[in-house]
Amino acid sequence: MPGAVLPAAPAPPTAQTPRAAAVPQAAPRNVVTVVHRLNGWQMLSLMAAKGGERWVIDELPPAAEFHTNIVAGFVSEDGRTVMARLPTAEAELFAAAASMFPALPGAPAPPPDRLEGAPGFTVIRSDGKRVGARFVGLDASTGLSLLEAAEQLLVSAPHAPVVAPAVGQRVRLFAPAPALAPFAPAAPPVSAAPPHPAGDSGHTETIYFSIGETKGQLTEVRRASTGKPVQATVRSKLLTPEWAGAIATSEEGDFVGIVGDSGHTESAIVPAEAIRLARERVLARRASVPRPWLGVSGDAVSRFSLEQMLARGWPRDFALPLLNRPQGVLLTQITPGAPAALAGLRPGDIISRVGQREVSGVDDFSMLLREAGAGARLDLTVLRALERAPLNLTVELSGTLLPGVRPDDVQNPLVGHGAETVGLSPRGAAPLRARGGLLVVSVHAGTNAARAGLRPGDIVETINGLPVTRAGVRPLPGVPPSDMTLGVVRDGRRLDLRLAHAEPPPEKP
């Protein structure tokens, strides 16, 4: 989608991948390619279902334009489920609306490879066999998604062994790459050529690709207090951000993990053990698993100096023993209204225990929260300046699928009235002779929005005379939640619609 805030599918590794080796090794059979095609209007519907006001469109996509992602996936031991790192925005949208399709008039039919009503994925094995798959859920803690194939992907092949990451370990990274680029192929070239849905020009798009490979070395392994690895760092001169989602194995082919965020020369790896737990969480729900959210910022006590402790209200005779025996996480900020605030936590507090387990640092604390999960009640042991005895506070974690965004951070006044919308920037609205606001993607029959006369394709510019901008989508002053006057642009013309909570009484004969 040109100009949209949703990132386009990153180009697979090309020039950065190694040039052809004399005898390239094959990728493990558990490494597969995941292809997903979604037209622009389907993406808008998914955005609307997710809470579209969080996304601001700069340019509306043509109905026949397709968004194609090609990423690596790893087949789990059951031979049918696949763990993969989809582009973040797309995974989050699927997490909330995996089975929605567009309601806009004239939108093309869904891709033909869909399964059970959900936007379709195609999994391609190393031998070129294609199998349809569906999205099951996103594990927000790791950023990985679980897909389920329509049939067994690996029936007779044994599951790839798993190895714990270790500093100094040499690893191989596998990711899809164009078949005609100068890289070391780890599998024979295959093509992804799903035809365009009916209503398009009828031509067929063919993309030739193979599994490319590069090598690197683990330079760091971060562990929780339990000893479980939570993240590994791999370094290679050939790494770029496009390697995000690559599958990492040992030189012998044992599964090490999946690349999360990737930079230039260095990438973070989600270890195999963390991936196994993520898969179990999603399968247990058969749905996306939100990341537990406490609403705090902070760092390990060992990262603070005595002067910084004193500046946060800690007396010298209290602070010195804590610095000599670094333990716990010192909170620097509490989000108003967050679970932490409701539990009574304050900036300057030190969380030393979660239940009966000591907290050694930020990674350890984050691991304890992930293991507990959203909705869990935790007993915290808290050290507070000027308090001689530790405090015992109980907190109930909430959850979110959007990194850094609470479910109620951004509120759309139309939510609950039957209209699905996405944000539209002034640039995106200009061709439609509007100034920006909320683009109505669909309207549910029998709702307040339908009774008000709102239609798909309308742009809500104002609510009770106040402009609806990116900042103005938050609760608007003076806007009653159930009685609003909407300033709408429809086909270039402006009109006012009254949205009332109660259905108007029938007219008397």
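Quantities reported herein were computed from a predicted structural model and do not represent experimental measurements. (Residues numbered from 1 in each chain as written. Predicted model: local features only at pLDDT ≥ 70, side-chain atom pairs only at ≥ 80, totals over all residues. Heavy atoms only, no water.)

## What to know about the packing of aromatic side chains
Rules: Here a pair means two rings of Phe, Tyr or Trp (six-membered ring of Trp) with centres within 6.5 Å. Their orientation is stacked below 30 degrees between planes, edge-to-face above 60, and tilted elsewhere. Secondary structure elements are taken from DSSP: a helix is a run of H or I of four residues or more, a strand is a run of E of two residues or more, and numbering for both begins at the N terminus. The buried label applies to any residue whose accessible area, calculated with a 1.4 Å probe on protein chains only, is under 20% of its type's maximum; exposed applies above 50%, and partly exposed to all values in between.
On inspection of all chains with the given rule, the structure shows one aromatic pair. When the centroid spacing of 3.7 Å and the interplanar angle of 10° are considered together, the rings of F74 and F255 count as stacked. Residue F74 is found in strand β3 (residues 66-75), and its partner F255 is found in strand β13 (residues 255-262); the two are separated by 181 residues along the sequence. Since its relative accessible area comes to 5%, F74 is described here as buried. On the basis of relative accessible area, F255 is assigned to the buried category, the value being 4%.

## Focus: the pattern of salt bridges
In plain terms, the rule: Salt bridge, as applied in this entry: a Lys or Arg side-chain nitrogen positioned within 4 Å of an Asp or Glu carboxyl oxygen.
On inspection of all chains with the given rule, the structure shows 20 salt bridges. A salt bridge links E151 to K129, with the nearest nitrogen and oxygen atoms 3.5 Å apart. With E151 in the loop between β7 (144-149) and β8 (170-178) and K129 in the loop between β5 (121-124) and β6 (130-139), this residue pair connects regions lying 22 residues apart in the sequence. As a salt-bridge pair, D458 and R490 come within 2.8 Å of each other at their nearest N and O atoms. A residue pair is termed long-range when its members are at least 10 positions apart, and D458 in the loop between α9 (448-452) and β25 (459-463) and R490 in strand β27 (residues 483-490) qualify at 32 residues. Residue R490 is classed as buried on the basis of its relative accessible area of 10%.

## As for the side chain of T81
Note the threshold: Polar contacts, as used here, are pairs of N or O atoms within 3.5 Å; protein pairs need one atom able to donate a hydrogen and one able to accept it. Residues neighboring in sequence count only if both atoms are side-chain atoms.
Here T81 is to be found in strand β4 (residues 81-84). Side chain to side chain, T81 and D78 meet in a polar contact 2.9 Å long. A polar side-chain atom of T81 sits 3.2 Å from a polar atom in the side chain of R279.

## Some details on the confidence of the model for the protein chain
Atom-level detail of predicted coordinates should not be read off regions where pLDDT is low. To keep things clear, this is the line we draw: The pLDDT value tells you how sure the predictor is about a given residue, anywhere from 0 up to 100. We call two residues contacting when some pair of their heavy atoms lies within 4.5 Å.
When pLDDT is averaged across the protein chain, the result is 76; 68% of the residues are at 70 or more. The low-confidence segment residues 194-204, where pLDDT is below 50, has 15 contacts with residues more than four positions distant or belonging to other chains. Below pLDDT 50 for its whole length, residues 403-410 participates in 20 contacts with residues either more than four positions away or in separate chains.

## Some thoughts on the environment of R222
Here R222 is to be found in strand β10 (residues 207-223). On the accessibility criterion, R222 (32% relative accessible area) is partly exposed. Placed 55 residues apart in sequence, R222 and V167 show a C-alpha to C-alpha distance of 9.9 Å. Setting aside residues up to four positions removed in sequence, R222 forms contacts with K228, P229, V230, Q231 and D363.

## Things to note about the pairing of strand β20 (residues 377-383)
The test is simple: Only strands joined by at least two bridges in the DSSP assignment are considered to pair.
Counting buried residues along β20, five of its seven residues qualify, which places the element largely inside the surrounding structure. Looking at chain direction, β20 and strand β21 (residues 391-396) are connected through six bridges and run antiparallel. Of the residues in β21, the one forming a bridge with D379 is T394.

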